[in-house]
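# Structural overview for review
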Amino acid sequence: MSTSNAAELYSRISADQELTQTLFRQALQDPSGALDRIVALGQEYGLPVSREEVRSHVASLDDSASKQWLLKARGGL
């Protein structure tokens, strides 16, 4: 697993507005489930990531929307 995989996965998810919104809504209702879905997407895309790598990557972003998502989903992330 790799932090570069987390960055690439984030980029792919961000490029898909519908998927991004779906994950955001899921994170508000079920943060842990959203994180599991992101990890599963990594497997589907051939970009395996751990839950911790996803958390670390989102926390490292200098993007207010991502920081907002992290704050709202903090319970499961």
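Residue numbers restart at each chain and count upward from 1, following the sequence in its written direction. Confidence filtering applies because this is a predicted model: local features only for residues at pLDDT of at least 70, side-chain atom pairs given and counted only at 80 or more, and all residues used for totals across whole chains, interfaces and linings. Neither water nor hydrogens contribute to the side-chain values; these are computed over all heavy atoms in the structure.

### Here's the deal with the nonpolar core
Definition of nonpolar core: a set of buried residues of the types Ala, Val, Leu, Ile, Met, Phe, Trp, Tyr and Cys, connected through side-chain atoms within 4.5 Å. Only protein chains enter the accessibility calculation, which uses a 1.4 Å probe. A residue is then buried if its area is under 20% of the maximum for its type, exposed if over 50%, and partly exposed in between. Core analysis: the biggest nonpolar cluster contains 13 residues, and Leu9, Ile13, Leu23, Ile38, Leu41, Val49 and Val54 have the highest contact counts within it. Helix and strand assignments follow DSSP, with helices taken as H or I runs no shorter than four residues and strands as E runs no shorter than two, numbered in order from the N terminus. Those elements that provide at least two residues to this core are helix H1 (3-15), helix H2 (17-29), helix H3 (31-44) and helix H4 (51-60). The element that contributes the greatest number of residues to this core is H3, accounting for four residues.

### Here we look at the pattern of salt bridges
For this document, the term salt bridge refers to a Lys or Arg side-chain nitrogen within 4 Å of an Asp or Glu carboxyl oxygen. A full pass over the atoms with the stated rule returns four salt bridges. A salt bridge links Arg37 to Glu44; the shortest N-O distance between them is 3.2 Å. Overall, the relative accessible area of 32% leaves Arg37 in the partly exposed class. Arg55 is the salt-bridge partner of Glu52, the closest N and O atoms lying 2.9 Å from each other. In this pair, Glu52 and Arg55 both sit in helix H4, three residues apart, roughly one turn of the helix. Classification of Arg55 by relative accessible area gives partly exposed; the value is 24%.

### Details of the side chain of His57
Along the chain, the position of His57 falls in helix H4. A relative accessible area of 15% places His57 in the buried class. Note on contacts: a residue pair qualifies if any of its non-hydrogen atoms lie within 4.5 Å across the two residues. Residue contacts for His57: discarding those within four places in its chain leaves Ala6, Ala7 and Tyr10.

### Some words on H4
Where H4 is concerned, the buried positions are Glu53, Val54, His57 and Val58. Down the axis of H4, the smallest arc covering the buried residues is 125°, so these residues share one side. The arc refers to the directions leading from the helix axis to the C-beta atoms.

Interpretation in functional terms is not warranted from these geometric data alone.
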